[in-house]
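Architecture at a glance
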Amino acid sequence: MQLTGFHHLTAVTADAPGNLRFYTGVLGLRLVKKTVNQDDVSAYHLFYADGKASPGTDITFFDWPAPPERRGSRSVIRTGLRVPAGSSIDWWRQRLDGAGVKTGKIQSVEGRRTLHLEDPEGQRLALVEDDTPGAGNPWERSPVPAEHQIRGLGPITLSVPAIGPTERVLTTLMNMRRKEGSSNKSGDGSLHAFQMGAGGAAAELHVVEQPQLSMGRQGAGGVHHVAFRVPTVEEYKAWAERLGEAGMANSGPVNRYYFQSLYFREHGGILFELATDEPGFAVDEPMETLGEKLALPPFLEGRRAEIEAGLRPL
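So, here's what we can say about the structure. Predicted model, so just to flag it, every value in this text is computed and none were measured. (Residues numbered from 1 in each chain as written. Predicted model: local features only at pLDDT ≥ 70, side-chain atom pairs only at ≥ 80, totals over all residues. Heavy atoms only, no water.)

**As for the overall build of the protein chain**
- For the protein chain, the helix and strand inventory stands at 6 helices and 17 strands.
- Its C-alpha atoms give the protein chain a radius of gyration of 18 Å, within 12% of the compact-globule value 20 Å for 314 residues.
- By its C-alpha atoms, the protein chain is 55 × 50 × 40 Å across when sized along the principal axes.
- In the protein chain, which comprises 314 residues, the proportion classed as buried is 56%.
- Residue pairs at least 24 apart in sequence account for 67% of intrachain contacts in the protein chain once pairs closer than 6 positions are excluded. (Helix = DSSP H or I, 4+ residues; strand = E, 2+ residues; numbered from the N terminus. Rg over C-alpha atoms; globule rule 2.2 N^0.38 Å. Buried < 20%, exposed > 50% of the residue type's maximum accessible area, 1.4 Å probe, protein only. Contact = heavy atoms within 4.5 Å.)

Following this line, the structure appears as structure tokens:
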């Protein structure tokens, strides 16, 4: 049983219209699903991805009127977004500077050129060079040229006070493997890298050990959870059994309609999700018009009028 990489990452915004402008207008991602939080239908759930809404390319947002995140440990502290290797990082640096986006210096992280940035609410992101041949599904309506478009997620960075408990979950339960020679000091702390599946930036989780930090608090500009890819429903069922046999408290199977989910907290307290690649976002909308209308799963369709009345215009 192998997880094949990241499925999606879900964060929090208190400004859905501004969030939409930034992720589509500045970063050039495609809005592939405009729906609601299935557990809180008063809130949008916005999914941004590549041109084909591929699993592993989604950064998603709950639209909650929350105060800003309090940064700290036991949280996801940076979301990597992969861009083509070569001149793309330099091109992006110029684009972001021109758009007034807060960025850091281009640096090497685990051997990849990386540019740190923040969205308007302080969401910590990184553009990361990805040299995987043939990767990426450009969106023809993006304001970003196809040769520089974001390919998807990875790596994603967690902060924990001690590596041991989290590493046991990652390696013993989730079958990740420590990347050889990955333990090193960074400006944030001691960084440890773990790989899934075939490895590479799309399947690499970074964990920074920061015992000096207090516990973070979720809010606008912060991450809610990170989801990992399970290729098929059959494998998903096996993962549900594995969590149960390991005595890991979890949500049990949850049908999100666009994918099947399992939720649990690793020993550092960060919320993880296992999510299936199947069936995908085109199950209820044509691929050509994804994200153009409010999409609701069948179990919420009967409440459409009520739900639409409670949502703010985008």
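**Topic: the nonpolar core**
- Grouped together as the largest cluster of nonpolar side chains are 65 residues, with contacts concentrated most on Leu-27, Leu-127, Met-174, Phe-228 and Leu-274.
- At 5 residues, the largest contribution of residues to this core is made by helix 1 (residues 16–26).
- Non-local contacts of Leu-27, meaning those with residues more than four positions away in its chain, are made with Phe-22, Leu-81, Trp-92, Leu-96, Leu-117, Leu-125, Val-144 and Ile-150. (Core = buried A, V, L, I, M, F, W, Y, C linked by side-chain atoms within 4.5 Å.)

**Considerations on the environment of Ala-309**
- Within the secondary structure, Ala-309 sits in helix 6 (residues 304–310).
- What makes Ala-309 exposed here is its relative accessible area of 69%.
- In this structure, the C-alpha to C-alpha distance between Ala-309 and Gly-189, residues 120 residues apart in sequence, is 47 Å.

**Regarding the pattern of salt bridges**
- One pass over the structure, following the stated rule, counts 21 salt bridges.
- Across the pair Asp-97 and Arg-93 runs a salt bridge whose closest N-O atoms are separated by 3.4 Å. Taken as a pair, Asp-97 and Arg-93 lie in helix 2 (residues 88–98) at a separation of 4 residues, close to a single helical turn.
- Judged by relative accessible area, Asp-97 falls into the partly exposed class, the value being 43%.
- A salt bridge links Lys-179 to Glu-110, with the nearest nitrogen and oxygen atoms 3.3 Å apart. Of this pair, Lys-179 sits in the loop between strand 10 (177–178) and strand 11 (184–185) while Glu-110 sits in the loop between strand 6 (103–109) and strand 7 (112–118), and the two are 69 residues apart along the sequence.
- For Lys-179, a relative accessible area of 15% gives the class buried.
- With relative accessibility at 18%, the residue Glu-110 sits in the buried group.
- Via salt bridges that share partners, Glu-110, Arg-112, Lys-179 and Glu-204 belong to a single interconnected network. (Salt bridge = Lys/Arg side-chain N within 4 Å of Asp/Glu carboxyl O.)

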